[in-house]
Amino acid sequence: MRSFVYSGLPSRVVFGAGTVGKLREEVERLGAKRALLLSTPGRAAMVAAAAKDLPVAGVFDQVVMHTPIEAANRAREVAKKLDADCCVAIGGGSTIGFGKAIALTSGMPVIAVPTTYSGSEMTTIWGLSEGGAKKTGRDPKVLPKTVIYDPELTLDLPPHVSAVSGMNAIAHCVEALYAHDGNPIISLMAEEGIRALAKALPALVAQPRDLAARTEALYGAWLAGATISTTSVALHHKLCHVLGGLGLPHAETHAIVLPHAARYNYEAAREAMARAERALGAQPAFQAIYDLERRLAIPMKLAEIGMKEADLERAARIAVEAPYPNPRKVEYAPVLALLRNAYEGARP
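These figures come from a predicted structure and were not determined experimentally.

About the criteria used
- Per chain, the residues get numbers from 1 upward, laid out in the order the sequence is written.
- Under the rules for a predicted model, residues below a pLDDT of 70 receive no local features and side-chain atom pairs below 80 are neither given nor counted, while totals for whole chains, interfaces and linings still include all residues.
- In computing side-chain values, all of the structure's heavy atoms are included and hydrogens and water are not.
- Think of it in three bands: with a 1.4 Å probe and only protein chains considered, a residue is buried below 20% of the maximum accessible area for its type, exposed above 50%, and partly exposed in between.
- Only DSSP runs of H or I covering at least 4 residues are called helices, and only runs of E covering at least 2 are called strands; the numbering of each starts at the N terminus.
- Pairing between strands requires that DSSP locate at least two bridges from one strand to the other.
- Patch membership needs two things, relative accessible area over 30% and no salt bridge, and members are linked within 9 Å if like-charged or within 5 Å if nonpolar (Val, Leu, Ile, Met, Phe, Trp, Tyr).
- The Shrake-Rupley method, run with a 1.4 Å probe sphere, supplies the accessible areas, and residue values consider only the shown protein chains as cover.
- Basic side-chain nitrogens of Lys or Arg form a salt bridge, by our definition, when they fall within 4 Å of a carboxyl oxygen of Asp or Glu.
- Ring geometry is summarised as follows: Phe, Tyr and Trp rings, the Trp one being its six-membered ring, pair when their centres sit within 6.5 Å, and such pairs are stacked at plane angles under 30 degrees, edge-to-face over 60 and tilted between the two.
- We call a charge positioned above a ring when the Lys NZ or Arg CZ atom is no farther than 6 Å from the ring centre and deviates by at most 35 degrees from the ring normal.
- Neither His nor the chain ends contribute to the count of charged residues, in which Lys and Arg are positive and Asp and Glu negative.
- In the analysis that follows, any N or O atom pair within 3.5 Å is treated as a polar contact, provided that within protein one partner can donate a hydrogen and the other can accept it, and provided that, for residues neighboring in sequence, both atoms belong to side chains.
- Here, residues are in contact when the closest pair of their heavy atoms is within 4.5 Å.

## A short note on the pairing of strand 8 (residues 146–149)
The side-chain alternation of strand 8 yields two buried faces, one formed by T146 and I148 and the other by V147 and Y149. Sheet topology note: the strand 1 (residues 12–15)/strand 8 ladder contains four bridges and is parallel. Along strand 8, the bridge assignment pairs R12 with T146. Both strand 5 (residues 110–114) and strand 8 contribute to a ladder of two bridges, which runs parallel. Paired with I111 across the strands is T146, a residue of strand 8.

Okay, here's the thing in structure tokens:
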């Protein structure tokens, strides 16, 4: 076994059906008395119900995708004006992203209650969009202090959103398996995360209120978030960050790009792909991922989610100019071919 470094991040995790009922207790553990609730406009009623017993200073319910800098600054101003002493982010990766944006400039503690499978709640990664580009970074200040995983809050998550969010989580695991700074502990978590999600997603798409499948999926998402919390991401995430800057929806983009990015790296990361294949129960990994997505009836083409063919070359160029560490060399022509295949939805 080669030498490695493993850094465990200091998050408190409360997992299980009904655990949102412990939200007040977890706020009090932080010594907080003026919580700012964060949510999207569509989730405001659910969030208010979940937080009915909290000492709430106010609500910011204007969360949108990709954390635009203007909207993030409005949320920061609200937190300051209300003299909030913690953020409670109840929702998906976008909502948790706004909590991180506030924490980044204020150091305010965040309690995350994820209702999708994004994994953002387990990481120090933040992202802000400005001028058609998405900037990301890592900072310990943005890591939520406590994460409450309550699968009951995911029972009403639409099957489509569940599927693309779950594939986003699988993407975290796949890249963690071949991360240049990975380690055996992360690889165990990543393989188990893929297994849990690949088993749960078809079941919950067929029966959205299957609590056992929802619990398994949320468990897989927790592992997925933990895998990218201490390892670097590679070409797949670089491409998705570039496409996100062009305005494409986050989870759908991850789902569509993943099998093509796995194909790109397949020969250069055989050990990682073997572990993914074991978790998926099929091979080769990139086709197993593609076939799983077909079963989930999610979009398979970037063309379906707003990508313009004229932007393919630009996206490839941006990805190649400042690549993330990747098992295979990142080169313009094969990256453009990858994007074109993803644009057309071709089976890799």
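## What about a nonpolar patch on the surface?
Residues M1, F4, Y6, I185 and L188 make up a contiguous nonpolar surface patch of roughly 560 Å² in combined accessible area. Position of Y6 among the secondary structure elements: in the segment before strand 1.

## Thoughts on the packing of aromatic side chains
In this structure the tally under the stated criterion is five aromatic pairs. Ring geometry for F15 versus Y149: centroids 5.8 Å apart, planes at 45°, classification tilted. You can see F15 sitting in strand 1 and its partner Y149 sitting in strand 8, a full 134 residues away along the chain. Assessed through its relative accessible area of 0%, Y149 is described here as buried. Within the aromatic cluster, the residues linked to one another by ring pairs are F15, Y149 and W222. We note R328 situated over the ring of Y264; from NZ or CZ to the ring centre the distance is 3.9 Å.

## Some thoughts on the side chain of R76
You can see R76 is positioned in helix 3 (residues 69–81). Although buried, R76 forms no salt bridge, and the nearest oppositely charged side chain, E77, lies 8.8 Å from it. A polar contact of 2.9 Å, which involves the side chain of R76, links it to the side chain of N73. Filtering out sequence-adjacent residues up to four positions away, R76 remains in contact with I69, A101, I102, L104, T105 and L128.

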